[in-house]
Amino acid sequence: MRRIHPSKVQGVTVIQLNHIPLDHLKVSPLNMRHSRRKPKVDDILPSIRQRGIIQPLLVKPNGKPDHYDIYAGRRRFFAMKAIAKEGDSNPVLPCLVLDKNDDADAVEASILENTARVEPDEMEQFEAFKKLADKGRSVAEIADTFGVTELMVKRRLALANLLPAIRKAYAAEEIDGRTITALTMATKSQQEEWLALFQSEDDYAPCGHQLKAWLCGGEHITADKALFAIDDYPGEILADLFGQNGAFADIGLFWEHQNAAIAALAQGYTDKGWADCIVLDRGRYFDRWNHIKTPKKEGGKVFIEVRGSGEVTAHEGYLSDQEVRRRERAAAKGDGEAKPVKPEMTGPMTDYIDLHRHAAARATLLGHPGVALRLAVAHMIVGSRLWRIEAEPQSTRKEATRESVAVSRAEAAFAKERAELAELLSLDADTGTIVRNNGDDWRLASIFARLLLLDDGTVLRILTFAMAESLEAGTATVEALGEAIPIDMAGYWTPDEAFFTLLRDKQIVNAMLGEIAGQQVADANVSATAKVQKGIIGDVLAGEGNRTPNADWRPRWAAFPPGCYRDEAGCAPAANHRRIADLFAEAED
């Protein structure tokens with residue numbers, strides 16, 4: 001005998017390697033295939049006769065002195081027994097002795113070795129997995145040990161719900177897989193009742209699909225047939241323990257919920273523009289051979305077929321052959337399309353209903369300012385017959401001015417916000433505006449519906465942008481806005497080439513030079529050309545040459561509030577601001 005230090009073999013703790021006599025070994029009750037019939041060893045006998053046992057058995061002391069239980073190596077053990085019987089001998093077998101305190105590891109070793117040789121059937125897996133579970137192994141640990149899914153482990157352990165007699169019959173292949181799956185749905189009393197039928201020589205025991213129907217009281221509808229959300233279903237669902245589709249215990253309650261879902265499905269097709277959606281009587285098949293495929297745009301209809309099993313199938317885009325022939329006859333007579341269905345409401349009746357619904361709607365709206373806010377924003381974006389709001393085009397005859405505004409920091413910030421809001425509202429950002437003013441009431445309703453899903457802060461953000469985009473340029477409104485909120489021109493605009501090109505009054509240029517560079521510099525260049533003085537202003541703005549930089553300077557005209565260099569009457573921003581300031585003062589008084 002050669003001792004070795006404790007180590008791991010297939011994840012199991014081994015304390016020593018022994019050569020143990022054959023008659024001191026027996027298969028452990030915990031061995032995965034202990035209860036099975038004697039294994040076939042014809043395939044390994046020749047090799048063992050010639051070379052002996054090369055791979056040691058996994059064993060553990062069984063309490064009897066020098067005697068051991070086999071946890072892995074059952075087929076090698078029986079092969080050696082056959083060889084020993086031929087020669088009437090008692091050979092010794094190489095064995096790895098396991099830690100005597102860890103049955104779970106022993107079971108694990110048994111299963112690992114056996115699954116590496118012959119794939120165990122479901123009952124063998126159940127028995128082995130259950131032994132490990134009884135020893136404290138979790139489902140996740142068992143799954144990880146054997147490289148299978150946790151669902152597979154749960155399905156095998158589900159067999160524990162069955163009566164021992166049923167499991168025995170299944171192990172003997174007297175019961176098929178579909179039947180055993182259905183039986184995991186059954187209560188103990190139902191299992192006993194079914195087992196009595198199964199063991200009876202005169203009675204018939206339902207199997208497979210029929211067994212599921214038998215357990216559900218005669219009608220069997222599985223949960224996968226439901227169009228409605230199972231989580232919201234108040235009734236009982238009989239789920240088998242293999243994790244497969246359960247069945248509805250109350251068929252009447254199922255159809256109550258299923259019919260409501262079918263009605264919603266049919267309405268959805270109508271809302272999508274199909275000419276009609278017809279729900280066939282339950283159990284009636286859609287006779288496709290009597291119908292002709294017709295697309296939606298040509299008046300095709302949808303037929304919803306409902307099976308007794310609960311299955312629902314929608315057949316999209318069909319017309320009956322009779323209706324198609326009727327249309328063809330009308331076309332042949334020159335009548336064009338078939339006559340439309342007579343409307344159920346006359347024009348005057350439609351006006352009557354529309355006006356009364358409008359009156360009720362706007363009276364109700366008075367009590368919902370949050371909804372009114374969102375509806376107003378939708379009107380600002382889309383417009384209507386009574387609303388006309390347009391985006392400010394920022395038009396000018398000067399191309400240089402248009403380019404200067406387009407590349408400014410202010411427009412860059414505005415364009416970024418426009419792109420983000422266009423994505424939020426599912427609008428095409430390439431059109432260049434959020435405010436569209438196309439007056440399409442269906443588009444307005446779509447925008448309104450989307451706004452109702454947004455919080456107040458987001459809606460106000462969209463409203464603010466729509467207001468900014470439709471703010472008219474060159475008006476007293478801009479001056480009023482500057483009076484209401486601080487506007488930092490230096491943060492958004494710097495005098496550029498286009499500005500200096502338009503700046504031609506030499507007296508004003510000199511005044512600006514005095515502001516940015518000091519009166520001494522202005523006086524020193526009073527006789528220089530306007531071009532030279534504008535060049536000095538540009539140098540000071542950029543901090544070039546030996547000039548002291550003054551990057552925050554902006555001309556008085558651009559400031560909020562604006563100023564002028566000569567007479568206020570000749571400076572539109574300053575004149576407008578004076579009037580606006582007076583209005584704000586009066587409002588405060």
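See the structure shown above.
About the cut-offs
Residues numbered from 1 in each chain as written. Predicted model: local features only at pLDDT ≥ 70, side-chain atom pairs only at ≥ 80, totals over all residues. Heavy atoms only, no water. Core = buried A, V, L, I, M, F, W, Y, C linked by side-chain atoms within 4.5 Å. Buried < 20%, exposed > 50% of the residue type's maximum accessible area, 1.4 Å probe, protein only. Helix = DSSP H or I, 4+ residues; strand = E, 2+ residues; numbered from the N terminus. Contact = heavy atoms within 4.5 Å. Pairing = 2+ DSSP bridges. Axes fitted to C-alpha atoms, helices over the stretch in contact; angles between N-to-C directions. 1 Å grid on protein atoms, 1.4 Å probe; cavity = no way out; pocket = protein on both sides within 12 Å on 5 of 7 lines; lining within 4 Å. Points joined across faces, edges and corners; volume = space filled by probe spheres on them. Nonpolar A, V, L, I, M, F, W, Y, C, P; charged D, E, K, R; others polar. Expected span 1.5 Å × (residues − 1). Arc of directions from axis to C-beta.

Undergrad: Any chance you could explain the nonpolar core here in plain terms?
TA: Across soluble globular proteins, nonpolar side chains have a tendency to be buried as a group. If you look at the biggest cluster of nonpolar residues, it comprises 22 residues, and the most contacted ones within it are Leu25, Leu57, Val59, Phe77 and Leu93. Among the elements of the structure, β3 (25-27), α1 (45-51), β4 (57-61), β5 (68-72), α2 (74-87) and β6 (92-98) are those that each provide at least two residues to this core. In terms of residue count, the dominant contributor to this core is α2 (six residues). Contacts of Leu57, omitting those with residues within four sequence positions, involve Ile70, Ala72, Gly73, Arg76, Phe77, Leu93, Pro94, Cys95 and Leu96. In this structure, Ala226, Tyr233, Phe254 and Val306 belong to the second largest nonpolar core, which totals 20 residues.

Undergrad: Just checking my understanding: could you explain the sheet that holds strand β10 (residues 291-293) for this structure?
TA: Whenever strands of a sheet pair, they do so through backbone hydrogen bonds, lying parallel or antiparallel. On the basis of which strands lie adjacent, the open sheet formed by four strands has the order β9-β11-β12-β10 and mixed pairing. Pairing within the sheet leaves two strands with one partner each, and these edge strands are β9 (277-279) and β10. Strand after strand, the sheet turns through a mean of 50 degrees between neighbouring axes, direction not considered. Bridge analysis of strand β11 (residues 301-306) against strand β12 (residues 312-320) gives six bridges, and the strand direction is antiparallel. Bridge assignment links Val306 to a residue of β12, and that residue is Val312. In this fold helix α11 (residues 251-271) packs onto β9, β11 and β12, with an angle of close to 170 degrees to the strand it touches most, β11. Contacting β10, β11 and β12, helix α12 (residues 321-332) runs over the sheet at an angle of about 25 degrees to β12.

Undergrad: Teacher, can you tell me more about the layout of surface pockets here?
TA: Any space left empty among the atoms is revealed by the rolling of a water-sized probe across them. What the second largest pocket holds in volume is close to 920 Å³. Around the second largest pocket sit 21 residues that line it, and His358, Ala361, Leu375, His379 and Leu444 are the ones nearest its centre. Among the secondary structure elements, those contributing two or more residues to the lining of the second largest pocket are α13 (347-365), α14 (369-382) and α17 (441-451). No other element matches the seven residues that α13 contributes to the lining of the second largest pocket. Here the lining of the second largest pocket is built from residues that sort into nine nonpolar, seven polar and five charged.

Undergrad: What is the right way to read the side chain of Arg374 from this model?
TA: Inspection of the secondary structure puts Arg374 in helix α14. In contact with Arg374, other than residues within four places in its own chain, are Phe448, Leu451, Leu452, Leu454, Asp455, Asp456 and Val459.

Undergrad: Looking at this structure, how should I read the pairing of β6?
TA: Side-chain direction in a regular strand flips from residue to residue, so the side chains alternate between the two faces of the sheet. Along β6, six of the seven residues are buried, which leaves the element largely enclosed by surrounding structure. Here β4 runs beside β6; their pairing, made up of three bridges, is parallel. Residue Leu57 lies in a different strand from β6, and its bridge partner there is Cys95.

Undergrad: In this structure, what is going on with helix α24 (residues 572-588)? I would like to understand it.
TA: Helical geometry note: an α-helix holds 3.6 residues per turn, so side chains three or four residues apart project in the same direction. With 17 residues, α24 should cover 24 Å at 1.5 Å per step; its first-to-last C-alpha distance of 25 Å lies within 8% of that length. Regarding α24, the residues found buried are Ala574, His577, Ile580 and Ala581. Projected down its long axis, α24 carries its buried residues within an arc of 125 degrees, all on one side. Facing away from the buried side of α24, by more than 90 degrees, are the exposed residues Arg579, Leu583 and Glu586.

Keep in mind these numbers describe shape, not what the thing actually does.
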